Each structure stands twice: as structure tokens, then as C-alpha cells.
Amino acid sequence: METRSDPVTEPVVTGADGRAVARTLGRLLRQTSEYEAFWQALQAANQDPVLQRLGEQIRAQQAARLWGDEGEHEAALARLEQEVEMLSVVRDYHQAESRVNALFSAVDALISQAAGLDFAANARRSGCSCGG
Amino acid sequence: MELSAEITLTAQQLGQILGQAPAIQAYRLAVQAFAADPEALALEQRLYKSYESLLARQQAGEALSQAEILAFNRLRAEVQSHPLILRRETALREAKAYLAQVADEISLVLQVDYTALVKEP
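Residues numbered from 1 in each chain as written. Chains lettered and ligands numbered in written order. Predicted model: local features only at pLDDT ≥ 70, side-chain atom pairs only at ≥ 80, totals over all residues. Heavy atoms only, no water.

Mapped onto the elements of the fold, Arg28 of chain B is located in helix H2 (residues 22–35). Separated by 2.7 Å, the side chain of Arg28 of chain B and the backbone oxygen of Ala115 of chain A make a polar contact. (Helix = DSSP H or I, 4+ residues; strand = E, 2+ residues; numbered from the N terminus. Polar contact = N/O pair within 3.5 Å; in protein donor to acceptor, adjacent residues only side chain to side chain.)

This is how it looks when you write it as C-alpha cells:
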């Protein structure tokens with residue numbers, strides 16, 4: 001983790017509970033139109049029967065790929081994934097996700113600037129943020 | 001991206017709290033102590049150089065000798081047990097664990113992983 005050389009130090013907050021402030025920030029983010037649209041798009045995607053069916057078919061092809069003709073299953077998988085990307089519910093989800101990405105990234109930049117380190121990159125539990 | 005005044009202030013307040021947190025301060029001090037020690041710096045640098053050199057040779061199809069692998073493992077163990085490097089790595093783990101706990105609070109309210117929705121810097 002690289003710390004930044006220019007942390008914001010004014011005004012200094014002392015004695016405040018980081019977790020409580022994090023919860024407050026979470027509540028404020030939850031009230032934004034970007035998050036509301038994202039949440040609705042996520043729910044819509046999770047409940048879409050066509051997407052569910054395609055998801056099941058993708059999982060079946062992935063399992064079959066382990067045992068059968070890899071090329072045949074790869075082609076079927078590519079077709080199914082293309083079908084998924086063409087669904088309006090998925091396109092709506094990607095659009096909403098992109099907006100919420102922009103919002104959260106802007107918020108994270110503020111947190112990181114004030115902290116003097118990259119917040120989300122270092123807080124990720126999975127994958128490798130590689131000290132970023 | 002235009003942010004509301006309330007979100008801006010809260011994000012800045014959170015950042016200031018994180019910057020002052022004991023786990024983060026301990027990490028900063030550990031990095032400073034490491035950077036101020038030429039022996040520790042040189043030792044870690046030697047490990048990186050050795051790793052890059054061995055990897056390049058391996059990728060070029062060359063077989064590494066047992067002695068070279070043993071020497072590399074010894075060097076790595078030396079680096080990992082150096083007190084200042086050990087202190088820095090421990091502090092890093094603790095700092096990341098603290099940051100993850102704080103991020104969890106945001107994620108809990110949002111019901112989605114906040115960190116996953118922030119673009120990689």
C-alpha cells in the first residue's frame with residue numbers, strides 16, 4: 001500500500017468513529033438517484049426469467065466443458081453470453097452500474113485524498129489490489 | 001461527477017478519520033522506518049532483482065539449478081524475517097484489515113460491495 005504524500009489534514013477530526021461515519025456515508029449514497037437506479041436494475045436482472053434461464057444454460061455448458069468437447073461448449077457459451085448481453089434488462093443494468101461506478105469512484109477519490117491513501121483499493125477483501 | 005455537499009463533507013470526514021487511525025499511522029511509521037534503513041532497502045532490492053533475473057531465465061526456457069533455487073529461497077526467507085520488513089508487512093496487513101472493516105460498514109448499508117463498485121485507480 002502506498003500512502004500519498006498530500007493527505008488533507010484540515011479540518012482535523014478527532015475522536016470520531018470511522019465505522020459510524022462510514023455508515024452515514026452508506027446511507028447518503030443509498031439515497032442518491034444513481035444508487036436507486038442501480039439497485040432497481042440489479043433487482044430487475046435478478047428476477048428476470050429469461051436471464052435466469054440463460055444463466056442456468058451457461059452454468060450447464062461450463063460444467064459440460066470440463067468433461068466433453070471443449071470447442072463445442074466454448075461456441076455454445078459464447079452464443080449464450082451474447083444473448084445475455086443483448087437483453088434489455090442486462091443493458092439497463094450495465095448503464096446503471098456505470099453511473100454508480102462514477103459516483104462511488106468520485107466519493108472514493110475524496111476519501112482517499114483526505115486519508116492520504118487509496119481507500120477502496122486497499123480495502124478490497126478479494127483479489128489483488130497489489131498494494132495500490 | 002457532481003456530489004452533494006453532504007456526501008462531500010462526509011467522505012472527507014471519513015478520509016480524515018482513516019488517515020489518523022492507529023493502524024494507518026502504524027503503517028506509515030513502519031514504511032518510514034524501513035525507508036530509513038539502507039540495509040533493509042538493499043536486501044529487499046536484492047530479492048526483487050534476483051526474482052526478476054530468475055524469472056526471465058526461466059521464461060526463456062532455461063532450467064534453474066537446485067543451488068540457485070535454494071539461494072533464492074534463502075534470500076526470500078532472510079527478507080521475510082528482517083525486523084523492519086516484517087514490521088512493515090504486519091502493519092500493512094493490519095491497515096488493510098482496518099480499511100476493509102470500515103468499507104464493510106458502507107457495504108452493509110448499501111447491500112452491495114462498495115469496493116467492487118469503485119473503479120480501479
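To continue, consider the interface of chain A and chain B. Between chain A and chain B, the residue contacts involve 56 residues of the former and 41 residues of the latter. For the pair chain A and chain B, the summed buried area comes to about 4,500 Å², and 69% of that belongs to carbon and sulfur atoms. For the pair chain A and chain B, the interface holds two salt bridges. Linking chain A to chain B there are twelve residue pairs in polar contact (both at pLDDT 80 or more). Those elements giving two or more residues to the side of chain A that touches chain B turn out to be helix H1 (18–30), helix H2 (33–47), helix H5 (88–115) and helix H6 (119–123) of chain A. Per-element accounting of the side of chain A that touches chain B gives the leading share, 15 residues, to H5 of chain A. The residue inventory of the side of chain A that touches chain B, partitioned by class, reads 30 nonpolar, twelve polar and 14 charged. (Contact = heavy atoms within 4.5 Å. Buried area = accessible area lost by both parts, 1.4 Å probe. Salt bridge = Lys/Arg side-chain N within 4 Å of Asp/Glu carboxyl O. Nonpolar A, V, L, I, M, F, W, Y, C, P; charged D, E, K, R; others polar.)

Overall, the prediction assigns chain B a mean pLDDT of 95, with 99% of residues at 70 or greater. Predicted as a complex, the structure gets a pTM of 0.81 and an ipTM equal to 0.82. (pLDDT = per-residue confidence, 0-100.)

This part takes up the confidence of the model for chain A. A low pLDDT means the predicted coordinates there should not be read in detail. Averaged over all residues, the pLDDT of chain A equals 86, while 83% of them reach at least 70. Below a pLDDT of 50 lies the segment residues 7–14 of chain A, which in the model reaches 16 contacts outside its immediate sequence neighbourhood of four places, other chains included.

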